[in-house]
Amino acid sequence: MNRIAVLSLMLTFLAVPYGMAQQHGSINHHKAAEGKDPATSSYSGMEKCRVKALSGEQMADLLAGRGMGLALAAELNSYPGPSHVLELWDALGLTDEQALRIKALLDQMKAETISLGRLVIEKETELDRLFSERKMTSAHLAEMTKAIAEVQGALRAAHLRYHLEMAELLTPEQIRRYSQLRGYSGQVD
């Protein structure tokens, strides 16, 4: 693999967890520390979580195949998401044929992303376990964080891919209307 591809892959792996944390379950460290002794960590209480690196909301989202903001690059650039398109079925004037195809894509997306979400939780659980049992080594750490990043990257790619497919199924007018209804391009008519 050439250097540019490796760098690109590394940046993707670094961005995915950041995007996940920003969308759901993230902590505002300044707000969390308000009213507490300055020595008290904003992480206080999280040590009781089942998987320390994932909030309950993140785990629920991963298990339900929700997007968690992973497809914002597509969503905010007029590549609609299948679940939101189905929610706006009437307003978008979907044909029966479009609706059937979109429902099938949504089912495929859920199956794929739920499976990947379970894998993220599984790998984060193992990472957590090794730390809690004080069995983590540098070799394990490098291996496990790379594996987690690969799954997170695959999860993001899956969500983005279904947005691409949606853009091919909808008319330009439906895409424009979707963006309006979602509040991305001015007022709704």
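Cut-offs used in this document
- Residues numbered from 1 in each chain as written.
- Predicted model: local features only at pLDDT ≥ 70, side-chain atom pairs only at ≥ 80, totals over all residues.
- Heavy atoms only, no water.
- Helix = DSSP H or I, 4+ residues; strand = E, 2+ residues; numbered from the N terminus.
- Buried < 20%, exposed > 50% of the residue type's maximum accessible area, 1.4 Å probe, protein only.
- Contact = heavy atoms within 4.5 Å.
- Areas by Shrake-Rupley, 256 points an atom, 1.4 Å probe, with all protein chains shown as cover.
- Patch = residues over 30% accessible without salt bridge, like charges linked within 9 Å, V, L, I, M, F, W, Y side chains within 5 Å.
- Salt bridge = Lys/Arg side-chain N within 4 Å of Asp/Glu carboxyl O.

*Asks:* What's the story with the overall build of the protein in this structure? I'm lost.
*Replies:* When its secondary structure is counted, the protein shows nine helices and zero strands. Mapped in sequence order, the helices and strands of the protein form the string α-α-α-α-α-α-α-α-α. Counting only residues that meet the buried cut, the protein has 33% of its 189 residues in that class. Considering only residue pairs separated by 6 or more positions, the protein has 72% of its internal contacts joining residues 24 or more positions apart. Working note: accessible area of the protein is about 11400 Å², and carbon and sulfur atoms make up 57% of it.

*Asks:* Please explain the environment of Arg-156 as it appears in this structure.
*Replies:* With respect to the helices and strands, Arg-156 occurs in helix H8 (residues 138-169). On the basis of relative accessible area, Arg-156 is assigned to the partly exposed category, the value being 24%. A C-alpha to C-alpha distance of 6.7 Å links Arg-156 and Ala-71, two positions 85 residues apart in sequence.

*Asks:* Would you explain the environment of Gly-67 in this entry?
*Replies:* Looking at the secondary structure, you find Gly-67 in the loop between helix H3 (56-64) and helix H4 (72-75). With relative accessibility at 28%, the residue Gly-67 sits in the partly exposed group.

*Asks:* Quick question: what am I supposed to make of the environment of Leu-130 here?
*Replies:* Summarising the element assignment, Leu-130 is placed in helix H7 (residues 96-132). With 10 residues separating them in the primary sequence, Leu-130 and His-140 have C-alpha atoms 8.8 Å apart. Apart from the residues lying within four places of it in its own chain, the contact partners of Leu-130 are Lys-135, Met-136, His-140 and Met-144.

*Asks:* I tried to follow a nonpolar patch on the surface on my own but got confused; where do I start?
*Replies:* Taken together, the side chains of Leu-72, Leu-76 and Tyr-184 make up a nonpolar region of the molecular surface, amounting to roughly 260 Å² of accessible area. Counting through the fold element by element, Leu-76 comes out in the loop between H4 and helix H5 (82-87).

*Asks:* Would you mind showing me how to read the pattern of salt bridges here?
*Replies:* Pairing between side chains of opposite charge can happen when the charged atoms of each approach one another. As enumerated under the stated definition, the model contains nine salt bridges in all. The closest approach of N and O atoms between Arg-66 and Asp-61, which form a salt bridge, is 2.6 Å. Judged by relative accessible area, which is 4%, Asp-61 ranks as buried. Among the ionic pairs, Glu-75 bridges to Arg-182, the shortest N-O distance being 3.1 Å. Here the residue Glu-75 occupies a position in helix H4, and Arg-182 occupies one in the segment after helix H9 (172-181), the gap between them amounting to 107 residues. On the basis of relative accessibility, which here comes to 31%, the residue Arg-182 falls in the partly exposed class. Put simply, Glu-126, Arg-129, Glu-133 and Lys-135 are held in one network by salt bridges that share partners.

Such coordinate-based values are descriptive only and should not be taken to indicate function.
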